[in-house]
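Coordinate inspection notes
Listed below, chain by chain, are the residues.
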Amino acid sequence: MRVNEIAAYIHRKMATDSRFGYSWEERWGAKPETWTIDGKKYTINVGDYDCSSSCITAWKLALTYTKYKGALDGATYTGNMREVFTRSGLFEWKPMSFLAHTGDLYLNEENHVAMCQTQEPDILSEFSWGDNGAYGNKRGDQTGQESSGHGYYDYPWDGILHYNGKADTVTKWTDGAYTALRNLNIRTKRAKTGTLVCTMAKGATIKLDSFAKNSAGNLWARVASGDHKGRFVCVQTSKTTSVKKK
């Protein structure tokens, strides 16, 4: 799973678990619990959150096993999320005309934030209001609406915090088996001008070796086995990483 998918999974799990409610008092949960996601362990405090603390928590946890761990530590509420998230180098501020991706955040800097779960159908997850408002709430979701996942709705959002994919990088490229994070174009040489041999589907396993950057600065690898052995695939550009080590 990519980092944005982990963030969305955590927030969705929080928003649909009745043990998680809404509060401005507890706000960061109460009882530690370990969740295993994609084979890795993440510790979260089960209890009450508000809109911003829930989204911040999900994203901070998602970055646990990356070099960006701690990059969002300065975020505490809707009013400073835009500054901290964009300053981390992981997020870009987009207008509402932008089509949000999984894990992106719909943000009203004064009042509210929610997380995009999927584009089609257009689903978001959010923490919205407690059984007694913001204070004096019983822990957990008492109404079924304190935390929830549902279709997108119009709101005076200021914009979208869009994750740019930078945390999904391989720090050391070594020969071996990789999983395709998106469709991979196999070409005859280390350049987009190379003849397209075939396209390998997202999720497929591919064995790679001989990693090297081309003149455009993009990282390419040679296919090490199978029908297309000796051909080449672009595995990383300045904007995206297309494979991860199995």
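Just above, that's the structure.
Let us look at the structure shown here. Counting starts from 1 at the beginning of each chain's written sequence and moves along it residue by residue. Note on the predicted model: pLDDT of at least 70 is required for a residue's local features to be given, and 80 or more for side-chain atom pairs to be given and counted; whole-chain, interface and lining totals, by contrast, use all residues. With hydrogens and water set aside, each side-chain value is computed from the structure's full complement of heavy atoms.

**A look at the packing of aromatic side chains**
The criterion for an aromatic pair is that two Phe, Tyr or Trp rings (for Trp, the six-membered ring) have centres within 6.5 Å, with stacked assigned to planes under 30 degrees apart, edge-to-face to planes over 60 apart and tilted to the rest. This model, assessed by the stated rule, comprises 19 aromatic pairs. Considering the side-chain rings of Trp 173 and Phe 211, the 5.3 Å spacing of their centres and the 40 degrees angle between planes classify their relative orientation as tilted. Of this pair, Trp 173 sits in the loop between strand S10 (159-163) and strand S11 (176-180) while Phe 211 sits in strand S14 (residues 205-213), placing them 38 residues apart in sequence. When its relative accessible area of 19% is taken as the criterion, Trp 173 is described as buried. Each residue in the set Tyr 106, Tyr 152, Tyr 153, Tyr 155 and Trp 157 is aromatic and connected to the rest through ring pairs, giving one cluster. The ring of Trp 35 carries Lys 13 above its face, with NZ or CZ at 4.8 Å from the centroid. Strands here mean DSSP runs of E at least two residues long; helices mean DSSP runs of H or I at least four residues long; both are numbered from the N terminus. Only protein chains enter the accessibility calculation, which uses a 1.4 Å probe; a residue whose area is less than 20% of its type maximum is buried, one above 50% is exposed, and one in between is partly exposed. Two limits define a charge over a ring: the Lys NZ or Arg CZ must be within 6 Å of the ring centre, and within 35 degrees of the ring normal.

**Overview of unusual backbone geometry**
Residue Pro 121 is bonded to the preceding Glu 120 through a cis peptide linkage, with omega at -5 degrees. Although it is not a glycine, Ser 210 adopts a positive phi angle of roughly 50 degrees. If you trace the backbone, Ser 210 turns up in strand S14.

**Here we look at the packing of helix H1 (residues 3-15) against helix H2 (residues 51-62)**
Between N-to-C directions, angles cover 0 to 180 degrees, with each direction set by a line fitted to C-alpha atoms, over the stretch in contact for helices. H2 packs onto H1 with a crossing angle of 140 degrees between their chain directions and a minimal axis gap of 8 Å. Compared by their axis directions, H1 and H2 come out oblique. Once H1 is placed against H2, the crossing between them reads as right-handed. Across the interface between the two elements, Val 3, Asn 4, Ile 6, Ala 7, Ile 10, His 11 and Met 14 of H1 pack against Ser 54, Cys 55, Ala 58, Trp 59, Leu 61 and Ala 62 of H2. Looking at the contact of H1 with H2 residue by residue, the classes come out as ten nonpolar, three polar and no charged. Each angle is binned into one of four classes, with values under 35 degrees roughly parallel, values over 145 roughly antiparallel, values of 65 to 115 roughly perpendicular, and all other values oblique. Take the far helix as your reference; a near helix turned counterclockwise from it by less than a right angle gives a left-handed crossing, and one turned clockwise gives a right-handed crossing. Throughout, a contact is declared for two residues whenever any of their heavy atoms are within 4.5 Å. Only Asp, Glu, Lys and Arg are considered charged in this grouping, and only Ala, Val, Leu, Ile, Met, Phe, Trp, Tyr, Cys and Pro are considered nonpolar; every other residue, Gly among them, is considered polar.

**Regarding the pattern of salt bridges**
We count a salt bridge whenever a side-chain nitrogen from Lys or Arg sits within 4 Å of a carboxyl oxygen from Asp or Glu. Here the structure, examined in full by the defined rule, presents eleven salt bridges. One salt bridge connects Arg 2 with Asp 168, and the closest N-O pair in it is separated by 3.7 Å. Residue Arg 2 is located in the segment before H1, and its partner Asp 168 is located in the loop between S10 and S11; the two are separated by 166 residues in the primary sequence. Residue class for Asp 168 comes out buried when judged on its relative accessible area of 12%. Two residues, Arg 139 and Glu 26, come together in a salt bridge whose shortest N-O distance is 2.6 Å. Of this pair, Arg 139 sits in the loop between strand S8 (123-127) and strand S9 (147-151) while Glu 26 sits in the loop between strand S1 (21-22) and strand S2 (31-37), placing them 113 residues apart in sequence. When its relative accessible area of 24% is taken as the criterion, Glu 26 is described as partly exposed. Within the structure, one salt-bridge network assembled from shared partners comprises Asp 17, Arg 19 and Glu 33.

**Description of the packing of H2 against helix H3 (residues 78-87)**
For the pair H2 and H3, interaxial distance at closest approach is 9 Å and the crossing angle is 25 degrees. Of the possible angle classes, the one that applies to H2 and H3 is roughly parallel. The chirality of how H2 crosses H3 is left-handed. In contact with Cys 51, Ser 52, Cys 55, Ile 56 and Trp 59 of H2, H3 contributes Thr 78, Met 81 and Phe 85. Looking at the contact of H2 with H3 residue by residue, the class counts come to six nonpolar, two polar and no charged.

**Quick notes on the sheet that holds S8**
A pair of strands is labelled paired if DSSP reports no fewer than 2 bridges between them. Strand order across the open sheet formed by six strands is S5-S10-S6-S7-S8-S9, with antiparallel pairing between neighbours. Only two strands of the sheet have a single neighbouring strand rather than two, namely strand S5 (91-94) and S9. The average angle at which neighbouring strand axes cross in this sheet is 25 degrees, direction not considered. As judged from the four bridges shared by S5 and S10, these two strands associate in the antiparallel manner. Bridging across to S10, Trp 93 finds its partner in Leu 161.

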